[in-house]
Every structure is written in C-alpha cells, then in structure tokens.
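Summary of structural features
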2 protein chains.
Amino acid sequence: MFEDKNQEKTSLEELGEFGLIDHLTGNFKLHHKSTVKGIGDDAAVLDFADRKVLVSTDLLIEGIHFDLSYTPLQHLGYKAVMVNLSDIYAMNARATQITVSVAVSNRFPLEALEEFYSGISLACELYKIDLVGGDTTSSTTGMIISITAIGEAAKEDLVYRSGAKPNDLLVVSGDLGGAYMGLQVLKREKEVFKVNPNNQPDLTAYSYIIERQLKPEARKDIVELLMNLGIHPTSMIDISDGLSSEILHLCKNSNVGCNLYEDKIPLDPTVISACEEFNIDSSLVALSGGEDYELLFTIDQKKFPELKGNPNFTVVGHITEKNEGAHLISRNNSKIPLTAQGWNSFAKA
Amino acid sequence: MFEDKNQEKTSLEELGEFGLIDHLTGNFKLHHKSTVKGIGDDAAVLDFADRKVLVSTDLLIEGIHFDLSYTPLQHLGYKAVMVNLSDIYAMNARATQITVSVAVSNRFPLEALEEFYSGISLACELYKIDLVGGDTTSSTTGMIISITAIGEAAKEDLVYRSGAKPNDLLVVSGDLGGAYMGLQVLKREKEVFKVNPNNQPDLTAYSYIIERQLKPEARKDIVELLMNLGIHPTSMIDISDGLSSEILHLCKNSNVGCNLYEDKIPLDPTVISACEEFNIDSSLVALSGGEDYELLFTIDQKKFPELKGNPNFTVVGHITEKNEGAHLISRNNSKIPLTAQGWNSFAKA
C-alpha cells in the first residue's frame with residue numbers, strides 16, 4: 001500500500017542515499033551533553049565521563065515483526081524506538097542516543113519514509129533521545145529496521161538479570177496481554193477487509209489494546225519512579241516475549257526458582273473481555289503473548305511498603321531456592337512448572 | 001544454495017532464538033576491560049572511563065550489498081565486521097566492541113549460520129573485538145545483517161571529516177579499485193557458470209582483486225602506524241563508496257576545495273590489467289568503485305617527511321580554498337570538476 005503508484009510522490013532515487021539521510025534527519029534536535037558528534041561523520045562521538053555505557057540492538061523485519069497492512073508507518077517508527085529503549089530501561093539506566101538504519105525497496109516514496117521518521121522523531125522528543133547515526137538503503141522486498149539504543153548509568157544504579165535472591169518479591173509494572181490481544185483484533189479486521197473492503201469497523205471498544213500493539217510506551221517513568229521511591233531492584237528485565245519466558249530468564253540468570261500466582265497477574269478489563277470474545281485464556285495471553293514492554297523486576301521484601309498500593313506495580317509472586325523450580329500457582333491452587341512459550345520467529349507459522 | 005535440502009542439517013526452529021544465539025556466540029572470547037557485561041542481559045554494559053565513545057552502524061542486505069552465489073558465508077561474516085570497524089578507524093580511534101544481528105529464512109540450516117559466525121569470530125580474534133550483543137531472527141526471504149561497531153579514543157586523538165585546511169596534503173592508504181574489479185570478475189564467472197556449470201575457472205591471476213572484494217581488511221594498522229609516526233591527520237574518512245565521493249565529503253565538511261592528481265592514484269598492477277581486460281578506465285574504477293575500505297586523510301605539509309617513501313601511503317593531491325572547488329587534474333593536465341559517483345543503492349539497476 002506504500003508503493004509509489006502516485007506519480008506526484010518523490011522517488012528515493014532522486015535524492016540518493018546521502019541526500020535522503022540528510023533530508024530525513026535534518027530536523028532532529030540533540031538533547032544530551034554526552035552527544036559530542038551526531039550524524040555526519042564516520043561514527044558518532046559520545047562522552048559519558050565516568051558513567052557506564054549501555055548498548056542494545058534490535059532488527060525488525062516486515063512480514064516477521066510487523067505487517068504494514070495494519071501498521072501506520074508513524075506508529076512503526078515510534079514502536080521501533082520503544083522496543084529498543086525498553087532494553088536500556090530494563091538495566092535501570094537512562095536511554096540517551098539511538099542509531100536508526102532502515103531499508104526499503106525503491107518503490108517506497110519519500111513520503112512513506114518521512115512518515116516513518118516522524119514517528120522516530122516523536123519518540124526522540126518525548127523520551128529525550130538523540131538520533132546519532134544510521135543509514136538508509138534499499139531492500140529487494142520489504143522494509144527492514146535496525147535500531148541500536150545507547151544509554152548511561154552510574155555503576156551502582158545498574159540492575160542486571162542476575163541479582164534476584166530467594167524471598168525477593170516478583171513485581172511487574174502496568175498490565176499484560178494487551179499488545180497480543182490488540183494484534184488479534186487487527187488480524188481479524190484484516191481478514192474482514194479482504195472479504196469486504198468497504199466495511200468500516202468500529203474499533204472504539206478495542207482502542208486500549210490496539211494502542212498497546214501499535215504504539216507501546218517504554219517504561220522510562222518506572223525507572224524514574226523506582227529511583228524516587230528509593231527502590232533498587234535486585235534484578236530486572238523487560239517483558240518483550242511474554243511474562244513466562246522473562247521470568248525464566250531472571251531465574252536462570254539469578255540461579256533461583258520462583259512461584260508466580262496466576263490470580264495476581266495484572267490484566268486490563270479490555271484484555272479480559274477481548275479474551276472472552278476470542279475464546280482465549282487470558283492468563284495464557286499474559287504468560288506468552290509478548291510485546292507489552294512492561295518491566296519485570298524483583299525487590300527485597302523489606303522494600304514492599306514503598307510500593308504497596310501504588311497502581312503502577314503489582315506483586316505477582318516471589319523468588320525461591322533454585323531447587324524448588326519455577327512454578328505457576330494456578331487459580332485452583334495447583335502448581336504447574338513454568339515453560340518458556342516466548343515467541344520463536346523461526347517456528348513454522 | 002544454502003537452503004536446507006540436506007536432511008542431516010540442523011533446522012533453526014529446533015534451537016529457537018535463545019538457544020541459537022547461545023550456540024553461535026558461546027565460544028567468543030572477550031578482550032577488553034571496557035566490556036563489563038557482554039551478551040546475556042537486556043543490554044551490554046561498557047566502561048570507557050574518561051575516553052570518548054564511538055558508535056557506527058551498517059545494514060547489509062542480500063541481493064543489494066552481497067550475492068550469496070559467489071560470497072562464502074565465512075567471508076561475508078568477516079567482511080561485515082570489517083565494513084563497520086573501518087568507520088571507527090576512520091575516526092583515528094580504537095575499535096573495541098560490536099553487536100551483530102542477523103536475519104535468515106528458516107530454510108537456512110544451522111551450519112550456514114555457523115559458517116557466517118566463524119567469519120565474525122575470526123575478525124574478532126584478529127582485530128581484538130568483543131562481541132557484546134545482537135540477535136538472530138528470521139526473514140521472509142534473504143539474509144540481512146546489521147552490525148554496530150563501538151570504539152574509544154582520547155579526545156585529542158579523534159579525527160573528524162571537518163579539519164582539512166588549504167595546503168594540507170591529501171593522502172590515501174593502500175591501493176584503490178581492487179574490490180570493484182574483483183566484483184566484476186566474480187559477476188562474469190557467475191554468468192559463465194549459468195551457461196556451463198561444469199566450467200572450472202582458473203582465477204589465480206585475479207586472486208588479489210577477488211580477495212579485496214570478498215575479504216577486505218579494515219586499516220587498523222594505518223591508525224597505529226600514524227600514531228607511531230607522530231602524524232595526527234587534520235581530517236579522515238574511510239573509502240567505502242569510491243575516492244571521488246569521499247573526497248567531496250571531506251571538502252564539504254571541512255569547507256575547502258582540492259586538487260586530486262589522476263596520475264597519483266595508487267593502483268595495483270592486477271587492477272590495471274583487469275581494467276584493460278574489461279575495457280574499463282582504471283581511474284574511473286578508483287574514483288567511483290567503492291568497497292576498498294582504505295583510509296583517506298589530510299595532513300599538514302610539514303608532516304610530509306614522516307610518510308615520504310612509506311609504501312603504505314600515497315599523496316594524491318592537496319587541499320585548496322573552497323572557492324577554487326574540487327577538481328581532478330587529469331593525466332593530460334586538464335582540470336575536471338570532481339563529481340560524486342559513489343554508489344546509490346536506490347538507483348535502478
């Protein structure tokens with residue numbers, strides 16, 4: 001739908017690679033003193049003084065990670081940044097810079113890339129991120145996005161996946177499963193559209209979960225909130241692949257077990273009603289759905305009073321000794337071993 | 001040619017994404033104290049103390065940047081690293097870490113990715129680079145590689161594109177045009193192979209230029225050599241898109257003009273003979289060919305004695321005032337404006 005069938009659109013060929021990147025990134029503002037030199041040389045130059053430097057990278061492929069038939073390009077740009085910032089926040093760090101590389105076929109008009117970069121730009125403005133590098137190139141078929149996020153933290157603030165201790169509380173921010181159910185709604189509408197292109201769906205009832213899918217927010221605010229509350233998590237990870245798989249990462253890296261309580265998993269009412277409509281188990285959606293970009297962390301029990309009653313946090317379980325294993329305590333009180341059902345892009349569809 | 005038609009090969013699906021990245025990166029050694037935490041958390045953690053941090057990123061797409069029908073996967077892995085390190089060296093800095101993300105269709109067997117990573121591993125060993133992150137994912141069609149290189153330098157050692165001054169000398173390392181002519185030979189052999197698959201070509205005469213194309217080296221040694229010679233370039237860039245386009249970048253960023261002497265452009269004898277065979281002008285190849293990954297830099301004239309007679313360097317021209325423009329002084333002494341004929345991946349083939 002973004003191919004250049006409209007002759008008034010600008011072809012990428014006219015601009016060439018250098019003109020294109022200048023055109024797309026010319027209006028980006030820089031926010032950080034640590035950005036010594038952004039776009040325009042062989043490499044960006046950054047200065048973090050005595051602070052630690054965080055680097056995380058992600059590759060997003062059309063047809064695997066996103067579907068342009070229901071993803072507006074501006075949202076895609078925004079989400080691609082969020083996915084990467086989320087990894088930096090999951091280290092309890094401050095995200096400061098990104099590089100963005102994007103490949104599209106030369107049938108994409110300039111205007112499509114401008115839309116994509118407007119989403120990148122909005123994310124950079126709202127999250128105070130400097131765009132410091134990257135390139136645009138052509139692809140043989142679909143769109144490919146590669147983003148590297150860079151951040152900084154004082155050594156003592158960093159939180160790894162490996163610090164959880166027995167009796168620590170297991171906490172999640174926000175609620176889970178929304179992004180996955182939003183995707184189910186969008187996929188269904190796509191099928192309806194194929195049959196009847198004139199159908200005008202009313203998606204008002206699904207707006208929360210569709211927004212969770214198309215325009216998620218990375219939880220910068222949670223990192224700031226934890227700092228203000230004086231809570232230093234013992235371990236942390238972001239929830240990109242579903243709660244179950246992330247908990248298992250924490251347990252493996254920290255060499256511990258855990259009990260997760262099914263009835264504690266935070267679910268938005270919209271998620272519950274969509275699950276009923278689609279006849280899917282809502283716990284399964286939260287455990288394996290992915291793309292929520294909430295934070296999962298562990299805290300010392302003594303810190304519980306600091307976040308008790310705070311609507312941003314839900315205690316969903318606790319850490320145990322490793323030999324007790326990692327379990328889900330179901331609503332009917334049976335103990336089920338947690339298994340990673342995180343998303344495997346290599347699995348046959 | 002790397003698709004999984006052999007049932008003894010291991011499918012990527014069996015391993016899943018987490019198993020796969022562990023399997024492929026398990027044997028990589030770390031070389032740098034600055035690598036606090038490599039692969040295995042949400043982000044890598046690096047510590048550069050008071051040194052500046054360099055970041056550069058590149059996206060390589062099958063069918064656009066490489067052709068697997070004549071590119072061995074090990075060479076491709078090696079070259080993908082070189083392309084990125086070259087950008088860090090072009091800042092007169094030390095490359096220290098990389099992240100590697102790769103997408104392939106699930107018809108690629110594990111063994112193909114192992115070959116690719118063996119090339120990455122060799123490059124990391126020889127250039128003392130720590131692999132600190134990245135991911136593997138699936139693609140709908142071809143192979144996609146995204147690498148981010150990270151480096152460090154003391155502030156006073158950094159060289160930008162912007163420091164060239166009138167009367168500075170314009171210097172290139174090594175020789176030019178080899179990578180482009182190597183590609184022409186490989187493309188011709190591919191056409192021959194299509195017609196007669198039993199043909200066994202003798203490519204001995206082309207081994208230098210084929211190696212320049214398939215297994216280029218980033219000029220870490222030149223950065224070290226310049227330091228040992230006490231030469232601090234006034235500006236520097238790596239030659240990835242052809243001499244002409246790189247010179248224009250230096251001139252534009254430094255706000256100067258230049259005279260480039262055609263008869264000074266360093267050409268290997270193999271390049272000259274291949275150009276005769278293919279009936280291509282060798283100067284044009286050096287000016288617009290690209291992928292040589294040599295360094296182009298400017299030095300104060302006073303520094304000329306330090307590199308005079310050194311076989312690693314060729315003075316190819318000098319910087320002028322901006323209003324004199326950027327020119328090629330041809331062999332017959334005519335003055336031709338330099339134009340960027342660097343590679344534009346969006347141009348129609």
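None of these values were measured; they are calculated from a predicted model. (Residues numbered from 1 in each chain as written. Chains lettered and ligands numbered in written order. Predicted model: local features only at pLDDT ≥ 70, side-chain atom pairs only at ≥ 80, totals over all residues.)

A closer look at the overall build of chain A
- Per the secondary structure count, chain A includes 10 helices and 14 strands.
- Relative to the 2.2 N^0.38 estimate, which gives 20 Å for 349 residues, the radius of gyration of chain A is 21 Å and therefore close to what a compact globule would have.
- Referenced to the eigenvectors of the C-alpha coordinate spread, the extents of chain A come out at roughly 65 × 60 × 35 Å.
- Pairs at least 24 residues apart make up 87% of the contacts formed inside chain A by residues separated by at least 6 positions. (Helix = DSSP H or I, 4+ residues; strand = E, 2+ residues; numbered from the N terminus. Rg over C-alpha atoms; globule rule 2.2 N^0.38 Å. Contact = placed C-beta atoms within 7 Å.)

What to know about the pairing of strand S5 (residues 130-133) of chain A
Residues and elements named next belong to chain A.
- Sheet topology places strand S4 (residues 94-104) next to S5; 3 bridges connect them, and they run parallel. For Gln97, the partnering residue across the bridge sits in S5 and is Asp130.
- Tracing the backbone out of S4, into helix H3 (residues 110-127) and back to the parallel element S5 gives a crossover that is right-handed. (Pairing = 2+ DSSP bridges. Right-handed = clockwise from strand over helix to strand, strands pointing away.)

With respect to the interface of chain B and chain A
- Each partner contributes to the interface: chain B provides 60 residues, whereas chain A provides 60 residues.
- The element best represented in the side of chain B that touches chain A is strand S3 (residues 52-61) of chain B, accounting for 9 residues.
- By residue class, the composition of the side of chain B that touches chain A is 26 nonpolar, 20 polar and 14 charged.
- Pairing analysis gives 3 bridges linking strand S2 (residues 44-46) of chain A to S3 of chain B, with the strands arranged antiparallel. (Nonpolar A, V, L, I, M, F, W, Y, C, P; charged D, E, K, R; others polar.)

Structural notes on the sheet that holds strand S11 (residues 294-299) of chain B
Residues and elements named next belong to chain B.
- Spatial ordering of the open sheet is given by S9-S11-S8-S12-S10-S13-S14, a layout of 7 strands whose pairing is mixed. Of all strands in the sheet, those bounded by a partner on one side alone are strand S9 (235-239) and strand S14 (335-337). Averaged over neighbouring strand pairs, the angle between their axes works out to 25 degrees when direction is ignored.
- Here strand S13 (residues 326-329) pairs with S14 via 3 bridges, running antiparallel. Following the sheet pairing, Ile329 is matched in S14 by Lys335.
- Along the sheet face, helix H7 (residues 243-254) touches S9, strand S10 (257-261), S11 and S13 and points at about 155 degrees away from the line of S9. (Axes fitted to C-alpha atoms, helices over the stretch in contact; angles between N-to-C directions.)

A look at the domain arrangement of chain A
Residues and elements named next belong to chain A.
- Domain boundaries assigned for chain A yield domain 1 (12-157) and domain 2 (169-337).
- A C-alpha centroid distance of 26 Å is found between domain 1 and domain 2.
- The leading source of residues in the side of domain 1 that touches domain 2 is helix H2 (residues 73-89), at 9 residues.
- Grouping the constituent residues of the side of domain 1 that touches domain 2 by class yields 8 nonpolar, 5 polar and 2 charged. (Domains from an automatic or database assignment.)

Some details on helix H5 (residues 207-214) of chain A
- Buried within H5 of chain A are the following residues: Ile209, Ile210, Arg212, Gln213 and Leu214 of chain A.
- In this structure, the buried residues of H5 of chain A make contact with H2, helix H4 (178-195) and helix H8 (269-278) of chain A. (Buried ≥ 20, exposed ≤ 12 C-beta atoms within 10 Å, placed from the backbone.)

Description of the packing of helix H4 (residues 178-195) of chain B against helix H5 (residues 207-214) of chain B
Residues and elements named next belong to chain B.
- One can describe the packing of H4 onto H5 by two numbers: an axis separation of 7 Å at closest approach and a directional angle of 100 degrees. Judged by the angle between their axes, H4 and H5 are roughly perpendicular. Residues Gly178, Ala179, Met181, Gly182, Leu183, Val185 and Leu186 of H4 lie in contact with H5, whose contacting residues are Tyr208, Ile209, Ile210, Arg212, Gln213 and Leu214. (Parallel < 35°, antiparallel > 145°, perpendicular 65-115°, else oblique.)

Comments concerning the relation of the copies chain B and chain A
- Overlay of chain B on chain A (RMSD 0.0 Å): rotation 180 degrees, translation along the axis 0.0 Å. What the superposition gives is, in effect, a two-fold axis relating one chain to the other.
- When you check the interface residues of chain B against chain A, 100% turn up at the interface there too, and the contact is symmetric in its surfaces. (Least-squares fit on C-alpha atoms with pLDDT ≥ 70 in both.)

Thoughts on unusual backbone geometry
All names here are of chain A.
- In the Ramachandran plot, Asn92 falls in the positive-phi region, its phi being about 60 degrees despite a non-glycine side chain.
- Position of Asn92 among the secondary structure elements: in the loop between H2 and S4.
- We note that Asn279 has phi near 60 degrees; this positive angle belongs to a residue other than glycine.
- Here Asn279 lies in the loop between H8 and helix H9 (282-288).
- Asn279 sits in the exposed class, given 6 other C-beta atoms within 10 Å.

Observations concerning the sheet that holds strand S11 (residues 294-299) of chain A
Residues and elements named next belong to chain A.
- Taken together, 7 strands build an open sheet; the order of strands is S9-S11-S8-S12-S10-S13-S14 and the sheet is mixed. The open sheet is flanked by strand S9 (235-239) and strand S14 (335-337), the only strands paired with a single partner. In this sheet, adjacent strand axes meet at a mean angle of 25 degrees when their direction is disregarded.
- Bridge analysis of strand S8 (residues 169-173) against strand S12 (residues 313-320) gives 5 bridges, and the strand direction is antiparallel. What sits directly across from Val172, in S12, is Thr314.

Overview of the confidence of the model for chain A
Residues and elements named next belong to chain A.
- Across chain A, pLDDT averages 90, with 94% of residues at or above 70.
- In this model residues 1-7 is a low-confidence stretch, pLDDT under 50, and it forms 12 contacts with partners more than four residues away in sequence or in other chains.
- In the predicted assembly, ipTM is 0.88 and pTM is 0.90. (pLDDT = per-residue confidence, 0-100.)

What to know about the environment of Gly174 of chain A
All names here are of chain A.
- When you line up the elements, Gly174 lands in the loop between S8 and H4.
- Judged by C-beta crowding, with 21 C-beta atoms within 10 Å, Gly174 ranks as buried.
- A sequence separation of 77 residues divides Gly174 from Gln97, and the C-alpha atoms of the two residues are 25 Å apart.
- Contact partners of Gly174, with chain neighbours within four places excluded, come to Pro266 and Glu294.

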